[in-house]
Amino acid sequence: MIMPIYLYGTRVWDGTVRKIDTFDEKLVGIIRNMFETLRSADGVGLSATQVGFRISLFVMDISEMEGYADEQPLVVINPEILSSSEETKTLEEGCLSVPGICLEVTRPESIIVRFTDGNFQTVECEYSVALARVFQHEFDHLHQKFITDRVSALKRHILKPNLSKIKRGEIITRYPVISPPDEKVMRRPEVFDYAK
């Protein structure tokens, strides 16, 4: 099932995520739907926060990126970044929750991470280049951060009109979204707690 993506300014971003301690069919269903949503939006990463769940989970699939055709989709549960390289790289990033905005973002080139994978096994490994960048981008979302938080105050000021349009729902996307005005007209209060 394709789920709508929550945009910048929606309430899901106001709360902290909780660690996942139950690996059940409900979680498997959420993961399956997240991959379907990711692919329908032509993205490379998607956090649970972006689809309305305040849980420590994201999915990645960079196989459509040049040079990564053999890279398998990745489920990341309860991620930790254990260390980051001193070497950094600046590249352009976009985000499904801030449509229409692409920014030059500087991040460590490589990271050592620990997480639970889609087989519910603990993984500890090093990622570099594209895997490291997408991992860090989605990890940011689990801590209520966007690419706009990774640029200078001056750049954020310049972006303010664009971000205001997103908050007002004055954007067009090729994938379903929920903007702050959409939340106000929903028939039921949104529930962001996975346990409910």
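Residues numbered from 1 in each chain as written. Predicted model: local features only at pLDDT ≥ 70, side-chain atom pairs only at ≥ 80, totals over all residues. Heavy atoms only, no water.

Colleague: For the overall build of the chain, give the residues involved together with the corresponding values.
Modeller: A count of helical and extended segments in the chain gives four helices and nine strands. The secondary structure elements of the chain, listed N-terminal to C-terminal, are β-α-β-β-β-β-β-β-β-α-α-β-α. Taking 16 Å as the expected radius of gyration for a compact globule of 196 residues, we find that the chain reaches 16 Å, a close match to that expectation. Expressed along its principal axes, the backbone C-alpha trace of the chain runs to roughly 45 × 45 × 30 Å. Each of the 196 residues in the chain was classed as buried or not, and the buried ones make up 47%. Across the chain, contacts joining residues at least 24 apart in sequence account for 67% of those joining residues at least 6 apart. (Helix = DSSP H or I, 4+ residues; strand = E, 2+ residues; numbered from the N terminus. Rg over C-alpha atoms; globule rule 2.2 N^0.38 Å. Buried < 20%, exposed > 50% of the residue type's maximum accessible area, 1.4 Å probe, protein only. Contact = heavy atoms within 4.5 Å.)

Colleague: Give me the pairing of strand 4 (residues 74-84): which residues, what numbers.
Modeller: Each regular strand carries side chains that alternate between the two faces of the sheet. Strand direction decides the pairing type here: strand 3 (residues 57-60) and strand 4, joined by four bridges, are antiparallel. Bridging across to strand 4, V59 finds its partner in V75. Examined bridge by bridge, strand 4 and strand 7 (residues 110-116) share five bridges and lie antiparallel to one another. Bridge assignment links I81 to a residue of strand 7, and that residue is V113. (Pairing = 2+ DSSP bridges.)

Colleague: Lay out the sheet that holds strand 7 with the relevant residues and their values.
Modeller: Strand order in this open sheet of five strands is 2-3-4-7-8, and the pairing throughout is antiparallel. Only two strands of the sheet have a single partner each, and these edge strands are strand 2 (45-47) and strand 8 (122-128). Across the sheet, the mean angle separating the axes of adjacent strands is 40 degrees when strand polarity is ignored. Its contacts with the sheet put helix 1 (residues 25-40) on strand 2, strand 3 and strand 4, and the angle it makes with strand 3 is roughly 40 degrees. (Axes fitted to C-alpha atoms, helices over the stretch in contact; angles between N-to-C directions.)

Colleague: How would you explain the packing of aromatic side chains if you had to name every residue and give the values?
Modeller: Overall, the coordinates contain seven aromatic pairs when judged by the stated rule. Ring-pair connections join several aromatic residues into one group, and the members of that group are F58, F115, Y127 and F135. (Phe/Tyr/Trp six-rings, centres within 6.5 Å; stacked < 30°, edge-to-face > 60°.)

Colleague: Give a detailed account of the pattern of salt bridges, specifying residues and quantitative values.
Modeller: A complete count under the given rule lists 10 salt bridges for this structure. Across the salt bridge formed by D61 and R39, the nearest N and O atoms sit 3.2 Å from each other. Placement of D61 in the loop between strand 3 and strand 4 and of R39 in helix 1 is noted, with a sequence separation of 22 residues between them. Across the salt bridge formed by R168 and E170, the nearest N and O atoms sit 3.0 Å from each other. (Salt bridge = Lys/Arg side-chain N within 4 Å of Asp/Glu carboxyl O.)

Colleague: So, the side chain of T10: which residues are in play, and what are the values?
Modeller: Here T10 lies in the loop between strand 1 (5-6) and helix 1. T10 sits in the buried class, given a relative accessible area of 0%. A polar side-chain atom of T10 sits 2.6 Å from the main-chain carbonyl oxygen of L7. Not counting residues within four places of it along the chain, the set of residues in contact with T10 comprises I178, S179, P180 and E183. (Polar contact = N/O pair within 3.5 Å; in protein donor to acceptor, adjacent residues only side chain to side chain.)

Colleague: Got a sec to walk through the nonpolar core? Specific residues and values, please.
Modeller: Counting residues in each nonpolar core, the largest one holds 21 residues, and the members touching the most others are I31, M34, L46, L57 and V59. Residue contributions to this core peak at six residues, all from helix 1. When near neighbours in sequence (up to four residues on either side) are disregarded, L57 contacts I20, L27, I30, I31, M34, S47, A48, V75, V76, I77 and L142. (Core = buried A, V, L, I, M, F, W, Y, C linked by side-chain atoms within 4.5 Å.)

In short, shape yes, function no, at least from these values alone.
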